[in-house]
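As a plain string of letters, each chain reads:
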Amino acid sequence: MNDKRELLRHTVAALAYRAARALDGAPDTFASFDGCGRQPIKILAHMGDLFDWALSAVQGSERWHNSTPLPWPREKARFFAALEAFDDYLASDQPMHAAAEPLFQGPIADALTHVGQIAMMRRLAGSPTSGENFFVAKIAASQVGADQPPAVQPFR
């Protein structure tokens, strides 16, 4: 596997880790929080769409689809499943029909922005996330699901 694919895989794992932190403990009612722009459920559905699109791009059949949001627990599962499918392709020997740079600057960077947006909305909705030192977090390629290791250095 080349260095660019490895870096993309680590970045996707970091995204999964941060997304899990932003979503952990959010009550189901948070999905419809209306305090600042688009509702979290719609943002999360868009994030799943980003990785469905990224997968189609690397497979050579780029296509975009705007999904209708599922119920909150199912939408969280769909997002992590889309991340896993994208990561599985990156881990394979299959050719990449999209370059690493546009994948990073497009869907991956967009999703990282949305994770921060969800974390901010959690605080505004009265359900803040816990802070931690992400520099020392246990993040590893292929670790792209909702189940993530505990924080190594949480902020108290």
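Below is a short write-up of the structure.

Reading guide: rules and limits
- Residues numbered from 1 in each chain as written.
- Predicted model: local features only at pLDDT ≥ 70, side-chain atom pairs only at ≥ 80, totals over all residues.
- Heavy atoms only, no water.
- Helix = DSSP H or I, 4+ residues; strand = E, 2+ residues; numbered from the N terminus.
- Rg over C-alpha atoms; globule rule 2.2 N^0.38 Å.
- Buried < 20%, exposed > 50% of the residue type's maximum accessible area, 1.4 Å probe, protein only.
- Contact = heavy atoms within 4.5 Å.
- Areas by Shrake-Rupley, 256 points an atom, 1.4 Å probe, with all protein chains shown as cover.
- Lys, Arg positive; Asp, Glu negative; His and termini not counted.
- Charge placed at Lys NZ, Arg CZ, Asp CG, Glu CD.
- Core = buried A, V, L, I, M, F, W, Y, C linked by side-chain atoms within 4.5 Å.
- Salt bridge = Lys/Arg side-chain N within 4 Å of Asp/Glu carboxyl O.
- Axes fitted to C-alpha atoms, helices over the stretch in contact; angles between N-to-C directions.
- Parallel < 35°, antiparallel > 145°, perpendicular 65-115°, else oblique.
- Left-handed = near helix turned anticlockwise from the far one by under 90°.
- Nonpolar A, V, L, I, M, F, W, Y, C, P; charged D, E, K, R; others polar.
- Phe/Tyr/Trp six-rings, centres within 6.5 Å; stacked < 30°, edge-to-face > 60°.

## Section: the overall build of the protein
Then comes step 1: Across its full length, the protein carries four helices and zero strands.
Then comes step 2: Each helix and strand of the protein, placed in order from N terminus to C terminus, yields the pattern α-α-α-α.
Then comes step 3: Over its C-alpha trace the protein gives a radius of gyration of 15 Å, about what one expects of a compact globule, namely 15 Å for 156 residues.
Then comes step 4: Dimensions of the protein, computed from C-alpha atoms along their principal axes, come out at roughly 45 × 35 × 25 Å.
Then comes step 5: Every one of the 156 residues in the protein was classed for burial, and the buried ones make up 42%.
Then comes step 6: In the protein, the proportion of contacts linking residues at least 24 apart, taken out of those at least 6 apart, comes to 78%.
Then comes step 7: About 8,100 Å² of surface is accessible on the protein, with carbon and sulfur atoms providing 54% of the total.
Then comes step 8: Where the 15 positive side-chain charges of the protein centre and where its 17 negative ones centre are 6 Å apart.

## Some points on the nonpolar core
Then comes step 1: Counting residues in each nonpolar core, the largest one holds 44 residues, and the members touching the most others are Phe51, Trp72, Phe79, Phe80, Leu83 and Phe86.
Then comes step 2: Within the residue set of this core, elements represented by two or more residues are helix 1 (3-23), helix 2 (40-58), helix 3 (72-91) and helix 4 (100-124).
Then comes step 3: The residues touching Phe80, leaving out its near neighbours within four places in the chain, are Ala16, Ala19, Ala20, Leu23, Val144, Gly145 and Ala146.

## Re the pattern of salt bridges
Two side chains that carry opposite charge are able to pair once their charged atoms sit near each other.
Then comes step 1: For the coordinates displayed, the defined rule picks out six salt bridges.
Then comes step 2: Linking Arg78 and Asp52 is a salt bridge whose minimum nitrogen-to-oxygen distance equals 3.0 Å. With Arg78 in helix 3 and Asp52 in helix 2, the pair connects residues that are 26 residues apart, well separated along the chain.
Then comes step 3: Take Arg78: its relative accessible area is 18%, and that puts it in the buried class.
Then comes step 4: Its relative accessible area of 37% is what places Asp52 among the partly exposed residues.
Then comes step 5: Several salt bridges converge on common partners, so that one network encompasses Asp49, Asp52, Glu75 and Arg78.

## Observations concerning the packing of helix 1 against helix 4
Then comes step 1: Where helix 1 contacts helix 4, the two axes come as close as 9 Å, and the packing angle between them is 15 degrees. In terms of orientation, helix 1 lies roughly parallel with respect to helix 4. At the point where helix 1 passes helix 4, the crossing takes the left-handed sense. Judged by residue contacts, Lys4, Leu8, Thr11, Val12, Leu15, Arg18, Ala19, Arg21, Ala22 and Leu23 of helix 1 engage Ala100, Glu101, Leu103, Phe104, Ile108, Ala111, Leu112, Val115, Ile118, Ala119 and Arg122 from helix 4.
Then comes step 2: Class assignment of the residues belonging to the contact of helix 1 with helix 4 gives a composition of 15 nonpolar, one polar and five charged.

## Notes on the packing of aromatic side chains
Then comes step 1: Under the criterion given, the structure shown has seven aromatic pairs.
Then comes step 2: Seen from their ring centres, Tyr17 and Phe134 are 6.0 Å apart, and the 85 degrees between their planes marks the pair as edge-to-face. Linking Tyr17 in helix 1 with Phe134 in the segment after helix 4, this pair joins segments that are 117 residues apart in sequence.
Then comes step 3: Among the residues examined, Phe134 registers a relative accessible area of 26% and is labelled partly exposed.

## As for unusual backbone geometry
Excluding glycine, a negative phi dihedral is what most residues carry, and trans is how most peptide bonds are arranged.
Then comes step 1: Even without glycine at this site, Ser142 takes up a positive phi of about 80 degrees.
Then comes step 2: Here Ser142 lies in the segment after helix 4.

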